[in-house]
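Close look at the chain arrangement
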Amino acid sequence: MIDVAAAVILRPDGSFLMARRPAGKLYAGYWEFPGGKIEPGEAPAAAIARELHEELGIDIGAACPWITRVFEYPHGTVHLRFFRIFDWKHEPHAREGQGIGWKTLDALVSGPMLPANAPVLASLALPWEYAVTDAARRGVAAMLAHLERRLKAGLRLIQVREPDLPEPESFTRQVIELAHRHGAKVLTKTPQPAADGVHFTAAQLMTLKQKPKQGLAAASCHSREELEHAMRLELDFAVLGPVKDKAAIGWARFAEMIEGTALPVYAIGGLTRADLDEARRAGAHGLAMIRGAWR
């Protein structure tokens, strides 16, 4: 097993830095996320800070743990620990003969990409905010007005969760229609023809035998066992909490529970946008919010 730390260096506009392996190295010419081997006894966060200084001449702020991938190459099995980097000093520049470039999901690299890195792009496409509807408490008309306001401001991922709303089918259809007009995706609790995926409860998750073939698939989790099952099914993401609500697990326990997960995990439970930086430092992909999304 080859232990590797890799960095997704993100600018505010959503672009990210990729590097092209230089001539003379294995897989020369292939694109990858920058990083390198973790030395024996070296902490992964320290390894990525060292590698980025050596490769790109930058000094990073917080190295936010993200997802892990295990991939079998002909030369060995690689365990990739991905970090997201939002803050650094100096302009990145190639110091080891590699090519580098800022890329976006809409304008990816021209040329081959290392197989272990390619699936990471699907996770990278997930927005930082996952908003959960609250129509039963706010009222349908008010909820739709809040939703339209947030969609115009850039909200792109929504879950319709209305266990206490009488006859929620009409509301669900309106949410989907409104979201799709703004290019946003909607997950529902049960499969819907026009929805973009399904969000399973923890109980549903543990009875699930395979991931649905169409659309996004996500699940609520409250334990490492549930997260492990979500990973076995290769779900697109999970939601874990509560972090700050009643029976809160707190950030330290959250970080411990998601360490080494292969899928993005959103934090939930009494959170607002002000918690985003702390959530990222704990390893969360972003925030799932009910009340906090509509304030």
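Residues numbered from 1 in each chain as written. Predicted model: local features only at pLDDT ≥ 70, side-chain atom pairs only at ≥ 80, totals over all residues. Heavy atoms only, no water.

1. Considerations on the sheet that holds strand β2 (residues 16-20)
The cut-off we apply is this: Strand pairing is assigned whenever DSSP identifies at least 2 bridges connecting the two strands. Counting from the N terminus, the helices are DSSP H or I runs at least four residues long and the strands are E runs at least two residues long.
Read from one edge of the open sheet, three strands run β3-β2-β9, paired in antiparallel fashion. The open sheet has two edge strands, β3 (31-32) and β9 (99-103), and neither has a second partner. Inspection of the sheet shows β2 paired to β3 by two bridges, in the antiparallel sense. Residue Ala19 lies in a different strand from β3, and its bridge partner there is Glu32.

2. What to know about the pattern of salt bridges
Note the threshold: Salt bridges are counted wherever a side-chain nitrogen of Lys or Arg sits within 4 Å of a carboxyl oxygen of Asp or Glu. Here the term buried applies to any residue with accessible area under 20% of the maximum for its type, exposed to any over 50%, and partly exposed to those in between, with areas from a 1.4 Å probe on protein chains only.
Counted by the stated rule, this structure contains 14 salt bridges. Ionic pairing is found between Arg137 and Asp134, a salt bridge with its closest N-O pair at 3.1 Å. On the accessibility criterion, Arg137 (54% relative accessible area) is exposed. Put simply, Glu148 and Lys152 hold a salt bridge, and the shortest N to O gap is 4.0 Å. Here the residue Glu148 and the residue Lys152 both occupy positions in helix α4 (residues 140-152), the gap between them amounting to four residues, near one helical turn. Taking the relative accessible area as the measure of exposure, Lys152 reaches 61% and is therefore exposed.

3. Digging into the packing of aromatic side chains
Here is the rule we go by: The rule is short: rings of Phe, Tyr and Trp, with Trp giving its six-membered ring, pair when the centres are within 6.5 Å, and they are stacked under 30 degrees, edge-to-face over 60, tilted in between.
For the structure on display, the rule yields 10 aromatic pairs. Residues Phe16 and Phe33 carry aromatic rings whose centres are separated by 6.0 Å and whose planes lie at 40° to one another, so their mutual orientation is tilted. Here Phe16, found in strand β2, pairs with Phe33, found in the loop between β3 and β4 (35-37); they are 17 residues apart in sequence, far enough to count as distant. Assigned by exposure class, Phe16 and Phe33 land together as buried. Taking the centre distance of 5.6 Å and the plane angle of 80° together, the rings of Trp251 and Phe254 count as edge-to-face. Taken together, the residues span about one helical turn, with Trp251 and Phe254 both in helix α8 (residues 250-258) at a distance of three residues.

4. Notes on the nonpolar core
Put simply, the rule is: Here the nonpolar core consists of buried residues drawn from Ala, Val, Leu, Ile, Met, Phe, Trp, Tyr and Cys, with membership extended through side-chain atoms lying within 4.5 Å. Contacts: residue pairs with any heavy atoms within 4.5 Å of one another.
With 49 residues, the main nonpolar core has Ile158 and Phe254 as its most contacted residues. Here this core gets five residues from one element, more than from any other, and that element is helix α5 (residues 169-181). When residues no more than four places from it in sequence are discounted, the contact partners of Ile158 are Tyr130, Ala131, Thr133, Leu147, Leu151, Val175, Ala179, Ala184, Lys185, Val186 and Leu187. Counting residues in hydrophobic clusters, the runner-up holds 21 residues, among them Ala6, Val78, Phe82 and Leu114.

5. A closer look at the pairing of β2
Where burial is concerned, most of β2 is hidden: four out of the five residues are buried. Pairing of β2 with β9 involves five bridges; the strand directions are antiparallel. Its bridge partner lying in β9, Met18 is registered against Gly101.

6. Focus: unusual backbone geometry
With omega at 5°, the peptide bond leading from Gly241 into Pro242 counts as cis. By the element assignment, Pro242 lies in the loop between β15 (237-240) and α8. Phi is positive for Tyr27, which is not a glycine, with a value near 60°. Looking at where Tyr27 falls in the secondary structure, it is placed in the loop between β2 and β3. Judged by its relative accessible area of 24%, Tyr27 is partly exposed.

7. Brief notes about the sheet that holds strand β12 (residues 185-188)
Operational definition: Note on geometry: axes are C-alpha line fits, over the in-contact stretch for helices, and angles between N-to-C directions span 0 to 180 degrees.
Taken in spatial order, the eight strands line up as β10-β11-β12-β13-β14-β15-β16-β17 and close into a barrel, and their pairing is parallel. Looking at each pair of strands side by side, their axes are set apart by 25° on average, direction ignored. Two strands pair when backbone bridges link them, and β12 and strand β13 (residues 197-200) are joined in this way by two bridges, in the parallel orientation. Across the sheet, the residue bridging to Thr188 is Val198, located in β13. Packing of α5 onto the sheet brings it into contact with β11 (157-160) and β12, and relative to β11 it is tilted by some 175°.

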